[in-house]
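# Structural overview
What follows is each chain in one-letter form.
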Amino acid sequence: MDGISEVFHARFVEHAYPVHTHDTWTLLIVDDGAVRFDLDHHERGARRSEVTLLPPHVPHDGRAATPLGFRKRVLYLDESVLDARLAGAAVDHPGLRDAALRRRVHQLHGTLAGPGDELEAASRLALIVDRLRRHLGAGQDTPPAGRTVARRLRELLDERVTDGLSLTEAAGLLHVHPTHLVRAFTAEFGIAPHQYLTGRRVDLARHLLLAGMRPADVAPAAGFFDQAHLTRHFRRMLGTSPARYAHAR
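To keep things clear, this report deals only with the structure shown in the data block. Computed from a prediction, not measured in an experiment: that's the story for all the values here.

Our focus in this paragraph is the side chain of H229. Structurally, H229 can be placed in helix 9 (residues 227-238). Note on H229: relative accessible area 2%, which makes it buried. Once you skip the residues sitting within four places of it in the chain, H229 turns out to touch P115, G116, D117 and F224.

Now for the nonpolar core. One finds W25, L27, L77 and L132 to be the most contacted residues of the largest nonpolar core, which totals 23 residues. Contributing elements (two or more residues each) for this core: strand 3 (25-33), strand 6 (51-54), strand 8 (70-77), helix 1 (87-92), helix 2 (99-112) and helix 3 (118-135). Counting residues per element, this core draws most heavily on helix 3, at 5 residues. Discounting residues that sit within four places of it in the chain, L27 has contacts with V51, T52, L53, R73, V74, L75, L77, V105, I128 and L132.

With that out of the way, let us pick up the sheet that holds strand 9 (residues 95-96). If you walk across this open sheet you meet the 5 strands as 1-8-3-6-9, and the pairing is antiparallel. The open sheet has two edge strands, strand 1 (4-12) and strand 9, and neither has a second partner. Both strand 3 and strand 6 contribute to a ladder of 4 bridges, which runs antiparallel. Bridging across to strand 6, T26 finds its partner in L54.

We now examine the pairing of strand 3. Regular strands show a simple pattern: their side chains alternate between the two faces of the sheet. Buried residues dominate strand 3, accounting for 7 of its 9 residues. Summarising the sheet, strand 3 and strand 8 pair through 8 bridges and their orientation is antiparallel. Residue pairing across strands places T26 opposite Y76, the latter belonging to strand 8.

Attention now moves to the packing of aromatic side chains. Here the structure, examined in full by the defined rule, presents 5 aromatic pairs. By the ring-pair criterion, three or more aromatic residues cluster together here, those being F12, Y17 and F70.

Moving on, we get to the packing of helix 4 (residues 147-159) against helix 5 (residues 167-174). As a packed pair, helix 4 and helix 5 sit with axes 11 Å apart at the nearest point and diverge in direction by 125°. It follows from the interaxial angle that helix 4 and helix 5 lie oblique. Between helix 4 and helix 5 the crossing geometry is right-handed. Counting all contacts with helix 4, which are made through V149, R152, L153 and L156, the residues of helix 5 involved are A170, L173 and L174. Within the contact of helix 4 with helix 5, the residues separate by chemical class into 6 nonpolar, no polar and 1 charged.

Conventions used here
- Residues numbered from 1 in each chain as written.
- Predicted model: local features only at pLDDT ≥ 70, side-chain atom pairs only at ≥ 80, totals over all residues.
- Heavy atoms only, no water.
- Helix = DSSP H or I, 4+ residues; strand = E, 2+ residues; numbered from the N terminus.
- Buried < 20%, exposed > 50% of the residue type's maximum accessible area, 1.4 Å probe, protein only.
- Contact = heavy atoms within 4.5 Å.
- Core = buried A, V, L, I, M, F, W, Y, C linked by side-chain atoms within 4.5 Å.
- Pairing = 2+ DSSP bridges.
- Phe/Tyr/Trp six-rings, centres within 6.5 Å; stacked < 30°, edge-to-face > 60°.
- Axes fitted to C-alpha atoms, helices over the stretch in contact; angles between N-to-C directions.
- Parallel < 35°, antiparallel > 145°, perpendicular 65-115°, else oblique.
- Left-handed = near helix turned anticlockwise from the far one by under 90°.
- Nonpolar A, V, L, I, M, F, W, Y, C, P; charged D, E, K, R; others polar.

In structure tokens, the structure reads:
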């Protein structure tokens, strides 16, 4: 997806990374164990309670801090997402003790696990980047968007229930930074844009099922990636599968 060049999950016990660099930002969370690494000739560590951010083009290595090894999840973020001029702040403080940020990174990994939820992934990434920028001392890009922009986004989502709308496209159409677009919509309606769109799609799927359409045909007609994608969200919202819902009509 836009802004993320690679997603990497791994568990290492004996492997040690030699000194190397990336042309992307490395956003790392540790699920088990701990990591020791040298960043720009300074010894650092990555722990489960932290989010670790390594800047592009800065040499670093990596190894397990204990004999039991470590398990990690990594997002490699393009420089288009975070300005490389913020690298100095990341070198000085690569470990971020921020429980909310770690939770958001964890949630984004879950969203990226399957296709069909691109708007949700983009929204989560926008909020993560906004929080990272604040940690790096960059502040906000633009003033917060307001009620009018939030309502215009809802109109766009209503018009594109089945086709969908990327966060980048919506931000371009409404001339608002993506992060502020997500924040404005959530503040106005009490629900994130991706949650609103998913709800509209589930409602459409319900109507199509009640009209007699086969569950296998409902998924694309309602804007879902495939039947598994429809079933996951349908069950989460209604507590039953599309097939059972259709049978009970």
